[in-house]
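Examining the three-dimensional arrangement
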Amino acid sequence: MIWNHQFIDGSGRVKPCCRFGGNLGHLQNDISETFNSEKMESIRSQMLNGEQPAECSRCWNEEKNGKKSLRQRYNSHSKLGLDTIATDTPKIEWLELAISNDCNLACRMCDSRYSHKLYDEELEFWGKTYAKQPRIKMPIESVYPHVPNLKHLKITGGEPLITQDHW
């Protein structure tokens, strides 16, 4: 996934995938900046050298314990075209976007980065929130240049169907 995928949440936090432990930065103007960053190149080099980057420990631990990891599930998914990845020419072909935190629900497993309804609750209970402000929205225009190359687009919450930029 580190050769063709980017995850961006409503606050603009950019990661190679949704499970990555940490983030690579925040979206500024172009998602290519992060995708082609030194940090991403370092992670790609580690993978090519057979190393297991610490930020990817969730998948490595699942595999070690006999569970099929998210990485393995995506790599075996025939419609994603991951079997044709050229490791010497990374290219964004798959985006996972949480466009905003607009959501009409307040699910217990969620937080304010994905549901604005949880912002006040987090502030009341913990004195801080995951989202920096009640309503957040990524600059959707930044993905437009990559649309012609996309093989897969996954839009997550907030709730995509009430987020105007989804349409």
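Refer to the structure printed above.
Residues numbered from 1 in each chain as written. Predicted model: local features only at pLDDT ≥ 70, side-chain atom pairs only at ≥ 80, totals over all residues. Heavy atoms only, no water.

1. Brief notes about the pairing of strand 4 (residues 94-98)
Quick note on the threshold: Each residue gets one of three labels from its accessible area relative to the maximum for its type: buried under 20%, exposed over 50%, partly exposed in between, using a 1.4 Å probe on protein chains only. Working definition: helices are DSSP H or I runs of at least four residues, strands are E runs of at least two. Numbering for both runs from the N terminus. Two strands qualify as a pair provided DSSP detects at least 2 bridges between them.
Among the five residues in strand 4, five count as buried, and that is most of the element. A two-sided burial pattern is seen for strand 4, the buried positions comprising W94, E96 and A98 on one face and L95 and L97 on the other. Here strand 1 (residues 5-8) runs beside strand 4; their pairing, made up of four bridges, is parallel. Looking across to strand 4, one finds that Q6 is bridged to L95. Here strand 4 pairs with strand 5 (residues 152-156) via five bridges, running parallel. Residue pairing in the sheet places L97 in a bridge with I155 of strand 5.

2. Focus: the sheet that holds strand 4
Pairing in this open sheet of five strands is mixed, and the strands run 3-2-1-4-5 from one edge to the other. The strands lining the two open edges of the sheet, one partner per strand, are strand 3 (25-26) and strand 5. Pairing between strand 2 (residues 13-15) and strand 3: two bridges, direction antiparallel. Pairing of R13 across the sheet is with H26, part of strand 3.

3. Re the environment of I2
Selection rule: Residue contacts are counted whenever heavy atoms from the two residues lie within 4.5 Å of one another.
Structurally, the position occupied by I2 is in the segment before strand 1. Contacts of I2, omitting those with residues within four sequence positions, involve P16, F35, M40, I43, R44 and M47.

4. Observations regarding the packing of aromatic side chains
Going by this rule: We call Phe, Tyr and Trp rings a pair once their centres come within 6.5 Å, taking the six-membered ring for Trp, and we label the pair stacked below 30 degrees between planes, edge-to-face above 60, and tilted otherwise. Only when the NZ atom of a Lys or the CZ atom of an Arg is both within 6 Å of the ring centre and within 35 degrees of the ring normal do we say a charge sits over the ring.
Tallied over the full model, the rule gives one aromatic pair. Sitting above the plane of the F35 ring, R44 keeps its charged end 4.5 Å from the centroid.

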